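Observations on the three-dimensional arrangement
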Amino acid sequence: MTKKVTGFIILFLAVFIGTSVMAQMPGADPKELWEHITKTSPYTQWKFWDDHKGMVKGREPHGSFHKVYVNDDAYGSSSAPLKYGAIQVKENYNKRKKLMALTVMYKVKGYNPDDGDWFWVKYSPSGKAKPYGKPKGCVGCHGARADNDFVLVHEFE
């Protein structure tokens, strides 16, 4: 093999392996998901839904105000159901606009087929997770919009 061909193969493998590692998504695990949304792919650098931007008035159980961030897999989903790997992070604020919690929806293939394969987590601002998994309150409320893939704050076509 020539040095040029060997160099090309090494470059190709480095790009391929690097892309695979970067694309690695967390499992249905609150600690892995927290690491992902705060360090690996910081949610505050994600987009807002086009029809739900910035801080808006909210309602219980998510506080008086909220901001909803979505990763590229969610934002790039033009219709329901969303792509696997889609994540929606809702910052929950009180009436004085103090951050009280983050509530997260994460679409994990095969995790919860009866309820859209969503993994749900409520985090304290410091990252303590409770509840998580398939909380009845989350599934029950968002289940009213199963036709919109359980997403309440954005309308799909």
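Residues numbered from 1 in each chain as written. Predicted model: local features only at pLDDT ≥ 70, side-chain atom pairs only at ≥ 80, totals over all residues. Heavy atoms only, no water.

Averaged over all residues, the pLDDT of the chain equals 90, while 85% of them reach at least 70. Across residues 14–22, confidence stays below pLDDT 50; counting only partners more than four residues off in sequence or on other chains, it has 1 contact. (pLDDT = per-residue confidence, 0-100. Contact = heavy atoms within 4.5 Å.)

Another aspect to go through is the nonpolar core. Core analysis: the largest hydrophobic core is formed by 16 residues, its most contacted members being L33, I37, I87, V89 and Y123. Secondary-structure elements contributing two or more residues to this core are α2 (30–40), β4 (87–93), β5 (99–107) and β6 (118–123). What Y123 contacts, discounting residues up to four positions off in sequence, is P30, L33, W34, I37, A101, L102, V104, K128 and A129. (Core = buried A, V, L, I, M, F, W, Y, C linked by side-chain atoms within 4.5 Å. Buried < 20%, exposed > 50% of the residue type's maximum accessible area, 1.4 Å probe, protein only. Helix = DSSP H or I, 4+ residues; strand = E, 2+ residues; numbered from the N terminus.)

Time to look at unusual backbone geometry. Cis geometry is found at the peptide bond from E60 to P61, where omega equals 10°. Inspection of the secondary structure puts P61 in the loop between β2 (56–57) and β3 (65–70). The phi torsion at D117 lies on the positive side, around 65°, for a residue other than glycine. Inspection of the secondary structure assignment puts D117 in the loop between β5 and β6. Residue classification places D117 among the buried residues on the basis of a relative accessible area of 6%. Residues other than glycine seldom take positive phi values, yet D149 does so here, at roughly 55°. With respect to the helices, strands and loops of the structure, D149 is situated in the segment after α4 (136–142). When its relative accessible area of 4% is taken as the criterion, D149 is described as buried.

Attention shifts here to the pattern of salt bridges. Applying the stated criterion across every chain yields a total of 4 salt bridges. Its salt-bridge partner being D72, residue K47 comes within 3.2 Å of it at the nearest N-O pair. Here D72 lies in helix α3 (residues 72–75) and K47 lies in strand β1 (residues 47–48), a separation of 25 residues in the sequence. On the basis of relative accessibility, which here comes to 37%, the residue K47 falls in the partly exposed class. Accessibility expressed as a relative area gives 55% for D72, which makes it exposed. Salt bridges sharing common partners tie together R145, D147 and E155. (Salt bridge = Lys/Arg side-chain N within 4 Å of Asp/Glu carboxyl O.)

This part takes up the packing of aromatic side chains. Working definition: an aromatic ring pair is given by the centre-to-centre distance plus the angle between the planes. Within this structure, the stated rule accounts for 6 aromatic pairs. Aromatic side chains W34 and Y123 sit 4.8 Å apart centroid to centroid with 50° between the ring planes, which places their arrangement in the tilted category. Of this pair, W34 sits in helix α2 while Y123 sits in strand β6; the two residues are 89 residues apart in sequence, bridging distant segments of the chain. Residue W34 shares its accessibility class with Y123, and that shared class is buried. Consider the rings of Y43 and Y69, whose centres lie 5.2 Å apart with planes at 75°: the pair is edge-to-face. Note that Y43 is positioned in the loop between α2 and β1 and Y69 in strand β3, a separation of 26 residues in sequence. Each member of the pair, Y43 together with Y69, is buried. (Phe/Tyr/Trp six-rings, centres within 6.5 Å; stacked < 30°, edge-to-face > 60°.)

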